[in-house]
Amino acid sequence: ISCKRLQRKRITCTDSRGILVAGKVRKAFFDKTGTLTKQGINFVSALEGEELNNLTASKNNAESSYVCQNEIDIELQIGLSVCHTLSLSADGELVGAAVDRMGFSAVPNSQLLDENTVSFDGEKIEYLEKFEFDHHTMTQSVIIRHDNNVTVYVKGAPEAIGKLCIPSSLPSHFE
């Protein structure tokens, strides 16, 4: 009933269970950082924990940006190449979320071959399983086969990833 009322007002609901929760919301805050002053998303770098200390600020065209002193770790490059929700359009263009397109495009030696295969540095990486973004855990993950090894990549905000880990396995400076 609620979905039909919303449809009559030209509102599309992708999660009907959310309607019950939305009825109780009194205030909502939306973070639109940067989107009002600048179009698009820029990929700066992907860093491991210790490397965050190696960032140096630089000024380019009156905007603050950061430059990594090191190249992106090979495992992080593979993660950017495989952990996304991208597909190819009929004319071979990447289709998917802007953040996924930017991360994937930041790895110059990576190519999406089809829905089950990525080429990285000329080697094929096969998807064994893809798990779409999970709103409960705030993560997305894939299981791949590369060089006869099976690897799981999970992406999400640090606090979301931290909740999935055994606390003693996290670096001391994680938080």
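Here, every reference points to the structure presented above.
Anyway, here's the lowdown on the structure attached to this text. (Residues numbered from 1 in each chain as written. Predicted model: local features only at pLDDT ≥ 70, side-chain atom pairs only at ≥ 80, totals over all residues. Heavy atoms only, no water.)

A look at the overall build of the chain
The condition that has to hold: By definition, any uninterrupted DSSP run of H or I lasting at least four residues is a helix, any uninterrupted run of E lasting at least two residues is a strand, and each is numbered from the N terminus. Exposure categories follow from relative accessible area, calculated using a 1.4 Å probe and restricted to protein chains: below 20% of the type maximum is buried, above 50% is exposed, and the middle band is partly exposed. Contacts: residue pairs with any heavy atoms within 4.5 Å of one another.
The secondary structure content of the chain amounts to five helices and nine strands. In sequence order, the secondary structure elements of the chain are arranged as α-α-β-β-α-β-β-α-β-β-β-β-β-α. In the chain, buried positions account for 20% of the 175 residues. A sequence separation of at least 24 residues applies to 31% of the contacts in the chain between residues at least 6 apart.

Brief notes about the side chain of Ser141
Secondary-structure assignment places Ser141 in strand β8 (residues 139-146). Ignoring sequence-local partners within four residues, the contact set of Ser141 consists of Cys83, Lys130, Phe131, Tyr153 and Val154.

Notes on the pairing of strand β7 (residues 123-134)
On a regular strand, one side chain projects to one face of the sheet and the next to the other, so that they alternate. Rules: Any two strands between which DSSP finds at least two bridges are classified as paired.
For strand β6 (residues 117-120) and β7, the ladder comprises four bridges, and the chain directions are antiparallel. Its bridge partner being in β7, Phe120 is matched across the sheet by Glu123. Summarising the sheet, β7 and β8 pair through six bridges and their orientation is antiparallel. When the bridges of β8 are listed, Phe131 appears paired with Ser141. What sits between the antiparallel neighbours β7 and β8 is a turn of four residues, in which Met138 has the positive phi angle 60 degrees.

What about helix α4 (residues 98-105)?
The following threshold applies: Working note: the arc is built from the helix axis to C-beta atom directions.
Within α4, the full set of buried residues consists of Asp100, Gly103 and Phe104. Each buried residue of α4 sits inside an arc of 95 degrees when the element is viewed along its axis, so together they form one side. The inward-facing, buried residues of α4 abut α3 (74-82), β4 (94-95), β5 (110-114), β6 and β9 (149-156).

Description of the side chain of His84
The criterion, for reference: Nitrogen and oxygen atoms within 3.5 Å of one another constitute a polar contact, given that in protein one can donate a hydrogen and the other can accept it, and given that sequence-neighbouring residues count only through two side-chain atoms.
Here His84 lies in the loop between α3 and β3 (87-88). The exposure class of His84 is buried, given its relative accessible area of 3%. Separated by 3.1 Å, the side chain of His84 and the backbone nitrogen of Leu86 make a polar contact. Not counting chain neighbours up to four residues away, the residues in contact with His84 comprise Asp100, Phe104, Leu112, Tyr127, Gln140 and Lys155.

Here we look at the environment of Val154
Locating Val154 in the fold gives a position in strand β9. Residue Val154 is classed as partly exposed on the basis of its relative accessible area, which comes to 40%. Put simply, Val154 and Gly79 are 75 residues apart on the chain and 8.2 Å apart in space, counted from C-alpha to C-alpha. Those residues in contact with Val154, other than ones at most four positions away along the chain, are Cys83, Thr139, Gln140, Ser141, Ile161 and Leu164.

Structural notes on the sheet that holds β6
To be explicit about the condition: Lines are fitted to the C-alpha atoms to define the axes, a helix being fitted only along its stretch in contact, and any angle between axes, read from their N-to-C directions, falls within 0 to 180 degrees.
Here we have five strands laid out as an open sheet, ordered β5-β6-β7-β8-β9, and antiparallel in their pairing. Each edge of the open sheet carries a strand with a single partner, namely β5 and β9. This sheet shows a mean twist of 30 degrees between the axes of neighbouring strands, independent of strand direction. Bridging between β5 and β6 involves four bridges; their strand directions are antiparallel. Bridged to Ser110 within β6 is Phe120. The strands that α3 touches are β5, β6, β7, β8 and β9; relative to β6, the one it contacts most, it runs at about 145 degrees.

Read these as spatial facts, not as claims about activity.
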